[in-house]
Amino acid sequence: MRTASRQTNRKPHKSRRTIGGLSRSPVAVCLALTLTVCACSKSKGSRDNELETPSPSQSAAEPTRPAPSGAIATPSSDSTQAAATDDPDRPPPPALTDGAVRALVESWVAAQNTNDFDRYATHYAERFAGTKRAGDKVTHFDRKGWLADRKLMFKPGLHVAATDVELHVVGATARVRFVQEFASRSFADRGTKELIVASSVNGPKIAREEMLQSQLLAREVAASVDNWHVHSQVLFLGQAVEAKAIKPVGSLHRDLADRYIVEHPVDTKQLKAEQRALIGQAVTTLASDGSACEARIESVVARVDVVPHFGMVQRWEGTEGNPASTDAEIAADLWAMTGPSVATLAAKLDGCPQAVWASRKPPAGRVLGARRSLGVVSKLLQARLDELPETRRIQHDFEQENPLGTTTKWYAERGITVVDFEAVDGVQTAIASTSAGDGCAEFSAALTVLFEVDVRAEPKILRHVVLGERVLSPVLALDVDGDGQLELLTGPDDFMQTVGLWRRKAASSYDSRELWSLLFWDCPC
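Keep in mind that what you see is a predicted model, and the values were worked out from it rather than measured.

Colleague: Before we move on, could you go through the overall build of the protein and cite the residues and values that matter?
Modeller: Counting secondary structure elements, the protein contains ten helices and 27 strands. Looking at the protein as a whole, 51% of its 525 residues are labelled buried. Long-range pairs, those at least 24 residues apart, make up 69% of the contacts in the protein with a sequence separation of at least 6. On the protein, roughly 22900 Å² of surface is accessible, and the fraction owed to carbon and sulfur atoms is 50%.

Below, the structure is given as C-alpha cells:
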C-alpha cells in the first residue's frame, strides 16, 4: 500500500481565472444545463478498460506531460478506439495537466460561441450522463440524448461565458468549477457549473458536467436559511468553511454503497462568529412521521460527501498492478479535488436518531407526515395525470422512440405513486409521480405533479402544479416561516440524493430551495 507520508508531496494543480477572456459584461445568465457525463453501459465490469485514472502516487513521482498545443485531439475512428480499449498491454492514460484541462474548457466555450456543434460534441467522453437544470426543472440524459437536446440550442444569438475558473487536478482526473452565463434568444440563466474531466487515449474529455444552480433572469430566490437536512444524526448546515479554520488531517468513512465521506476537524476559534455560536445550541428536529425531538449541536466539522468517478475508485482498489490506497491517501485525493471550496459545515447532534429536518425554532402550526395514498383520491389523480399536456408530450416522445405501434403507457413498468397529507380545512394536498428508464442509452422520463383536492364531499380536484420532470419523494408538510402556508420537504431523491424545500409562490406555482445534495462524479447507469 502507498503510505500516508506521500500526501505531503502530492499537491493538486489549482488555479483560478477567467476562461478565454470571457469576462464580458455579465448577462445575468447561466447555463440551463447540469450535465452529468457518462453514456456508460449498465455492466460495471465493462468500465475497467476505459478512462482509467493513474494513481496519485504515479502523478507525484513522474513529471506530468506538457499539454498539447492544440485544444482537443479529434477522436479516432470506432475501430481504432476499440483496438485501443481491448489492448491489455496499452499504457494507462497520461496524467492531466492544468494547461490541458484549461485548453479543453476554452475549446468547449469557443465551440458554443461559434455555433460549432460538431466541435462541441468532441469534448465529451463516450461514457457520459448529462443533467439539464433550468431553474427547478431537472432532466437527465445519456450522451446521445444530451447531444440531441443540446443541438437545438446551436442557433445565432447563443452566448456562453465561464468566469472565476478553479481547477483541481489529481492524476488523470480533474474537477473544474466556474460561474457560467448562458444566453440565447429565448432563455438566459446564470450559476456555478462543475465539470469532472478524465484523461483518455484521445486527450482529456468531460466525464461529468453539472450546473449546480440555475438562476433564471429576474427569478425570485426564496426560502429561509434556517432549515437544515439531517441524516444519521448529522446536521448539514450548508455553510462554507474558511480555509484557515480547517485542520490539515482528515478522516475517511463510507455511507451507502458508493458514497465516500471526508471529514476535517476545524479550529473553532477561526470560524465565523455566527458559526461558533451554533456549537452547543439547541435545535428542534422532525422525523419523517412528523414527530418532534429536541437535540443539541455537539460539535462541527468540515465535510465532503462524494461519489467518485469510477476511474478514481479503480486506482484506489489497486488495478493494473498498482498498490491499493490507504484510507488516508483516499481522503487526501478527495480533499485535493474538493477542499475548502466545496466542504461545508456539518454538526453532530447529541440525540434524535430519526431526524430528517432541523431548525433553531420549531415550525408554526401542525406538521404533517406523507403517507401512501390509496382509494378514491389516488384513482382520481392517476386518471387526471394522463390528461395533462406534460404527460401527453412524454407519451408522444415515447411512441416516437418505439415506432412499432406500441400502445403501452410510457410509465407502465413502474406505475404511478401517489402520496398525500392529512386534509386541512377540507383540502388535501397529494403528489403523484412516475418515471421510466434510467437515462442510460434508453428512453427515460419522469414527472411529479402536486394536486389540491377538496375532500369534504365527493373528491374534486381544485388545482394542480407541475413540480418538475423528475421524481420527488414528499416527506413532510410544515410551515417553516409562519406565513400560514405549508412548505414541502422532499427527498433524498435521484442519484444525487437531493433534499429540497418547496414553497408556494402563487396559486399555480412552487419555488424550491435545495437543502442538500452529494457531489456525484460518476455515471448513474
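Colleague: Summarise the state of the cysteines; cite the residues concerned and give the values.
Modeller: Counted under the stated rule, the structure contains one disulfide. The disulfide that involves Cys-293 links it to Cys-352, with 2.0 Å between the sulfurs. Residues Cys-293 and Cys-352 are joined by a disulfide whose S-S torsion is about -85 degrees; by sign, that bridge is left-handed. Linking Cys-293 in strand S14 (residues 292–307) with Cys-352 in the loop between strand S15 (344–349) and strand S16 (355–359), this pair joins segments that are 59 residues apart in sequence. For Cys-352, a relative accessible area of 7% translates into the label buried.

Colleague: Describe the sheet that holds strand S19 (residues 417–420), and please don't skip the residues or the numbers.
Modeller: Across the sheet, five strands lie side by side as S18-S19-S20-S21-S22; this open sheet has antiparallel pairing. Edge positions in the sheet fall to strand S18 (371–372) and strand S22 (460–468), since each has one partner strand and no second. By the bridge criterion, two bridges tie S18 to S19 in an arrangement that is antiparallel. Across the sheet, Arg-372 pairs through a bridge with Val-419, a residue of S19. Sitting on the sheet, helix H10 (residues 389–401) touches strand S21 (445–454) and S22, and the angle it makes with S21 is about 155 degrees.

Colleague: Describe the nonpolar core, listing the residues and the values that go with them.
Modeller: Residues Leu-235, Val-241, Tyr-260, Leu-334 and Trp-521 are the most contacted members of the largest nonpolar core, which totals 41 residues. Of all the elements in the fold, those that place two or more residues in this core are strand S9 (228–231), strand S10 (234–240), strand S12 (259–265), S14, helix H7 (310–316), helix H8 (327–337), S15 and S16. Those residues in contact with Trp-521 that lie beyond four places of it in its chain are Arg-175, Glu-194, Ile-196, Arg-208, Val-306, Val-307, Pro-308, His-309, Met-312, Leu-334, Met-337 and Thr-338.

Colleague: Explain the environment of Leu-96 to me, and be specific about the residues and the numbers.
Modeller: Within the element layout of this structure, Leu-96 appears in the loop between helix H2 (78–86) and helix H3 (98–113). Using a relative accessible area of 4% as the deciding quantity, one classes Leu-96 as buried.

Colleague: I'd like to hear about the pattern of salt bridges, residue by residue, with values.
Modeller: The tally for this structure, following the rule as stated, stands at 21 salt bridges. Close ionic contact of Arg-177 with Glu-194 constitutes a salt bridge, the shortest N to O distance being 2.9 Å. Taken together, the residues Arg-177 in strand S5 (residues 173–183) and Glu-194 in strand S6 (residues 188–198) connect sequence positions 17 residues apart. Glu-194 shares its class with Arg-177; the two are buried. As a salt-bridge pair, Arg-393 and Asp-397 come within 4.0 Å of each other at their nearest N and O atoms. With Arg-393 and Asp-397 both in helix H10 and four residues apart, the pair spans about one turn of that helix. With relative accessibility at 34%, the residue Asp-397 sits in the partly exposed group. Each of Arg-259, Glu-263, Arg-303 and Asp-305 takes part in salt bridges that share partners, so that together they form one network.

Colleague: Give me the sheet that holds strand S24 (residues 487–493): which residues, what numbers.
Modeller: Here we have five strands laid out as an open sheet, ordered S17-S23-S24-S25-S26, and antiparallel in their pairing. The open sheet is flanked by strand S17 (364–369) and strand S26 (509–516), the only strands paired with a single partner. Across the sheet, the mean angle from the axis of one strand to that of its neighbour is 25 degrees, orientation sign disregarded. Note: strand S23 (residues 474–479) against S24, four bridges, orientation antiparallel. Bridging across to S24, Ala-477 finds its partner in Leu-488.

Colleague: Got a sec to walk through the packing of aromatic side chains? Specific residues and values, please.
Modeller: Tallied over the entire structure, the rule returns twelve aromatic pairs. With a centroid separation of 5.3 Å and 80 degrees between ring planes, the pair formed by Phe-117 and Phe-154 is classed as edge-to-face. Within this pair, whereas Phe-117 is found in helix H4 (residues 117–121), its partner Phe-154 is found in the loop between helix H5 (143–151) and strand S4 (159–170), the two being separated by 37 residues in sequence. For the pair Phe-117 and Phe-154, a shared accessibility class is recorded, and that class is buried. Centre to centre, the rings of Phe-128 and Trp-146 are 6.3 Å apart; their planes meet at 50 degrees, and the pair counts as tilted. Linking Phe-128 in the loop between H4 and strand S2 (129–134) with Trp-146 in helix H5, this pair joins segments that are 18 residues apart in sequence. As far as burial versus exposure is concerned, Phe-128 and Trp-146 are alike and both buried. In this structure an aromatic cluster arises from ring pairing among Phe-117, Tyr-120, Tyr-124, Phe-128, Trp-146 and Phe-154. Arg-254 extends its terminal NZ or CZ atom over the ring of Tyr-260, reaching a point 4.0 Å from the ring centre.

Colleague: Help me get a handle on the pairing of S6, residues and values and all.
Modeller: Within S6, nine of the eleven residues are buried, which leaves the element mostly enclosed by the surrounding structure. Both S5 and S6 contribute to a ladder of eleven bridges, which runs antiparallel. Looking at the pairing, Ala-174 lines up with Val-197 of S6. As paired elements, S6 and strand S8 (residues 215–216) share two bridges and run antiparallel to each other. Bridge pairing in S8 links Asp-189 to Leu-216. As defined by bridge partners, S6 adjoins strand S7 (residues 205–211) across six bridges and the pair is classed as antiparallel. Across the sheet, residue Lys-193 finds its bridge partner in S7, namely Met-211. Between the end of S6 and the start of S7, which pair antiparallel, lie six residues, with Gly-203 showing a positive phi angle near 95 degrees.

What counts, and where the lines are drawn
- Residues numbered from 1 in each chain as written.
- Predicted model: local features only at pLDDT ≥ 70, side-chain atom pairs only at ≥ 80, totals over all residues.
- Heavy atoms only, no water.
- Helix = DSSP H or I, 4+ residues; strand = E, 2+ residues; numbered from the N terminus.
- Buried < 20%, exposed > 50% of the residue type's maximum accessible area, 1.4 Å probe, protein only.
- Contact = heavy atoms within 4.5 Å.
- Areas by Shrake-Rupley, 256 points an atom, 1.4 Å probe, with all protein chains shown as cover.
- Disulfide = S-S within 2.5 Å.
- Pairing = 2+ DSSP bridges.
- Axes fitted to C-alpha atoms, helices over the stretch in contact; angles between N-to-C directions.
- Core = buried A, V, L, I, M, F, W, Y, C linked by side-chain atoms within 4.5 Å.
- Salt bridge = Lys/Arg side-chain N within 4 Å of Asp/Glu carboxyl O.
- Phe/Tyr/Trp six-rings, centres within 6.5 Å; stacked < 30°, edge-to-face > 60°.
- Lys NZ or Arg CZ within 6 Å of the ring centre and 35° of its normal.

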